[in-house]
Amino acid sequence: FAVAGPAPRIFAYAIDFAIVSVLLVLLFVFLLTSMPIGRAIERWLSAHMTQLSRSARSAHPNPRTIGTIEGAIIAVVMLAQFVVEFGYFTFWEMVTNGRSPGKAALGLRVVQRNGFSIDLRASLVRNVMRIVDILPAYYLTGLISIILSPSAERLGDHAAETMVVRLG
């Protein structure tokens, strides 16, 4: 197999990340404008932002208020990103036999080590492992794994027994 190296995989992920980012923005807009839970989140966020604003303008800002709000927002955004990104890659790998839009644009495909199409179990494993590959920041662990692996596999690929190959 013609194994894909780090550069085309990074470019493919950049395309997919742009799409995932748009999906996340659309999800948040949808939640905040149309669903009861969105209105509840909007009220909660508005109340806390008002409290944060008052605290920041006061002579003695409350650092606990700032940390709590930031922590909650970061947690919600990270959870949403994981769910959307996990679903995005798993969906495309199942529907297109291992080709997300980014991979398709660069002529890449995820396959099992034996060359067969990726199956649901392998897709789930490799995509859950993104949690580890993304650490400590910006997919550094995944990049190091790709560089050190003879078949350019990130940890998710090792766990799922998959690899990313170049087509044609």
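Structure: see above.
Here is what the cut-offs are and how they apply
Residues numbered from 1 in each chain as written. Predicted model: local features only at pLDDT ≥ 70, side-chain atom pairs only at ≥ 80, totals over all residues. Heavy atoms only, no water. Helix = DSSP H or I, 4+ residues; strand = E, 2+ residues; numbered from the N terminus. Areas by Shrake-Rupley, 256 points an atom, 1.4 Å probe, with all protein chains shown as cover. Phe/Tyr/Trp six-rings, centres within 6.5 Å; stacked < 30°, edge-to-face > 60°. Buried < 20%, exposed > 50% of the residue type's maximum accessible area, 1.4 Å probe, protein only. Lys NZ or Arg CZ within 6 Å of the ring centre and 35° of its normal. Axes fitted to C-alpha atoms, helices over the stretch in contact; angles between N-to-C directions. Parallel < 35°, antiparallel > 145°, perpendicular 65-115°, else oblique. Left-handed = near helix turned anticlockwise from the far one by under 90°. Contact = heavy atoms within 4.5 Å. Nonpolar A, V, L, I, M, F, W, Y, C, P; charged D, E, K, R; others polar.

A. Broad picture of the overall build of the protein chain. Within the protein chain, the secondary structure is distributed over eight helices and two strands. The order of helices and strands in the protein chain, counted from the N terminus, is α-α-α-α-β-α-α-α-α-β. A total of about 9,800 Å² of accessible surface is found on the protein chain, and carbon and sulfur atoms cover 72% of it.

B. Focus on the packing of aromatic side chains. Scanning the entire structure with this criterion turns up seven aromatic pairs. Each ring, one from Tyr13 and one from Phe89, has its centre 6.0 Å from the other, and the planes form 10 degrees; the classification is stacked. With Tyr13 in helix H1 (residues 6-34) and Phe89 in helix H3 (residues 63-95), the pair connects residues that are 76 residues apart, well separated along the chain. Owing to a relative accessible area of 1%, Phe89 belongs among the buried residues under this scheme. With 6.5 Å between their ring centres and 70 degrees between their planes, Tyr88 and Trp92 make a pair best called edge-to-face. You can see Tyr88 and its partner Trp92 sitting in helix H3, four residues apart, about one turn around the helix. We classify Tyr88 as buried; its relative accessible area is 6%. On the accessibility criterion, Trp92 (27% relative accessible area) is partly exposed. Feature note: the residues Tyr13, Phe17, Tyr88, Phe89, Phe91, Trp92 and Tyr139 constitute an aromatic cluster, connected by ring pairs. One residue, Arg130, lies across the ring of Phe89, its end atom 3.8 Å from the ring centre.

C. Region of interest: unusual backbone geometry. In the segment running from Leu135 into Pro136, the intervening peptide bond is cis, with an omega of -15 degrees. Located in the positive-phi region is Asn97, a residue other than glycine, with phi close to 55 degrees. For Asn97, the location among the structural elements is in the loop between H3 and helix H4 (101-106). The phi torsion at Glu161 lies on the positive side, around 60 degrees, for a residue other than glycine. Mapped onto the elements of the fold, Glu161 is located in the loop between helix H8 (155-160) and strand S2 (162-166).

D. Layout of the packing of H1 against helix H7 (residues 140-148). Remark: H1 packs on H7, axes separated minimally by 10 Å, with the N-to-C direction vectors making an angle of 150 degrees. Accordingly, the angle class assigned to the pair H1 and H7 is roughly antiparallel. H7 is crossed by H1, and the crossing has right-handed handedness. Taking contact as the criterion, the partners of Pro6, Arg9 and Ile10 in H1 are, on H7, Leu143, Ile146 and Ile147. Each residue belonging to the contact of H1 with H7 can be placed in one class, and the counts come to five nonpolar, no polar and one charged.

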